[in-house]
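Examining the three-dimensional arrangement
Spelled out, the chains give:
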Amino acid sequence: MTTPQQRWQGFIRGLVLFSMGALLLIFTAEYSVWLYWLSLAVLLTGFAIAMRYYAGIFLQRMSAFKDAKRILARRDEREK
């Protein structure tokens, strides 16, 4: 299990890799076909890494909402 900080760092790494792939695609794709495919591979790899860690961040936040809802429900039962 990874911590939220590790998920955030993984997301940032994927985002940086994605950005590098986008820059490579913009600036080098017109020179040769293999540079185009290389930059596209870097871009897609960065996207996959960023989305993997973002999904973890998102699911952790959603589970926190579920826990908060459960806590509020218990408090409402005690107030009755």
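Residues numbered from 1 in each chain as written. Predicted model: local features only at pLDDT ≥ 70, side-chain atom pairs only at ≥ 80, totals over all residues. Heavy atoms only, no water.

Tallying secondary structure elements over the protein gives two helices and zero strands in all. When each of the 80 residues of the protein is scored for burial, the buried share is 20%. As displayed, the protein has an accessible area near 6,600 Å², and 68% of this comes from carbon and sulfur atoms. (Helix = DSSP H or I, 4+ residues; strand = E, 2+ residues; numbered from the N terminus. Buried < 20%, exposed > 50% of the residue type's maximum accessible area, 1.4 Å probe, protein only. Areas by Shrake-Rupley, 256 points an atom, 1.4 Å probe, with all protein chains shown as cover.)

For the rest of this paragraph, the subject is helix α1 (residues 4-28). Structural remark: α-helix, 3.6 residues per turn; residues separated by three or four positions point the same way. Across its 25 residues, α1 extends 36 Å between first and last C-alpha, which sits within 8% of the 36 Å expected from 1.5 Å per residue. Within α1, burial applies to R7, G10, F11, G14, G21 and T28. (Expected span 1.5 Å × (residues − 1).)

It is worth spelling out the side chain of T28 at this point. Note that T28 resides in helix α1. Among the residues examined, T28 registers a relative accessible area of 18% and is labelled buried.

Let us look at the packing of aromatic side chains. Inspection of the entire model under this criterion finds four aromatic pairs. Measuring from centroid to centroid gives 6.3 Å for F18 and F47, while their planes differ by 50°, and the two rings are tilted. Here F47 lies in helix α2 (residues 33-79) and F18 lies in helix α1, a separation of 29 residues in the sequence. Overall, F47 belongs to the partly exposed group, its relative accessible area being 45%. Within the aromatic cluster, the residues linked to one another by ring pairs are W8, F11 and Y54. A cation over a ring is seen here: R52 above Y53, with NZ or CZ 4.9 Å from the ring centre. (Phe/Tyr/Trp six-rings, centres within 6.5 Å; stacked < 30°, edge-to-face > 60°. Lys NZ or Arg CZ within 6 Å of the ring centre and 35° of its normal.)

On the secondary structure map, V42 appears in helix α2. V42 sits 18 residues away from L24 along the chain, and the two C-alpha atoms are 8.7 Å apart.

Before going further, it helps to examine the side chain of S32. In this fold, S32 is placed in the loop between α1 and α2. A polar contact of 3.2 Å, which involves the side chain of S32, links it to the side chain of W34. From its side chain, S32 meets the backbone nitrogen of L35 in a polar contact 3.4 Å long. (Polar contact = N/O pair within 3.5 Å; in protein donor to acceptor, adjacent residues only side chain to side chain.)

A cluster of nonpolar side chains, contributed by F47, M51, Y54, F58, L59, M62 and F65, occupies part of the molecular surface with about 720 Å² of accessible area. Within the element layout of this structure, L59 appears in helix α2. Using a relative accessible area of 58% as the deciding quantity, one classes L59 as exposed. (Patch = residues over 30% accessible without salt bridge, like charges linked within 9 Å, V, L, I, M, F, W, Y side chains within 5 Å. Salt bridge = Lys/Arg side-chain N within 4 Å of Asp/Glu carboxyl O.)

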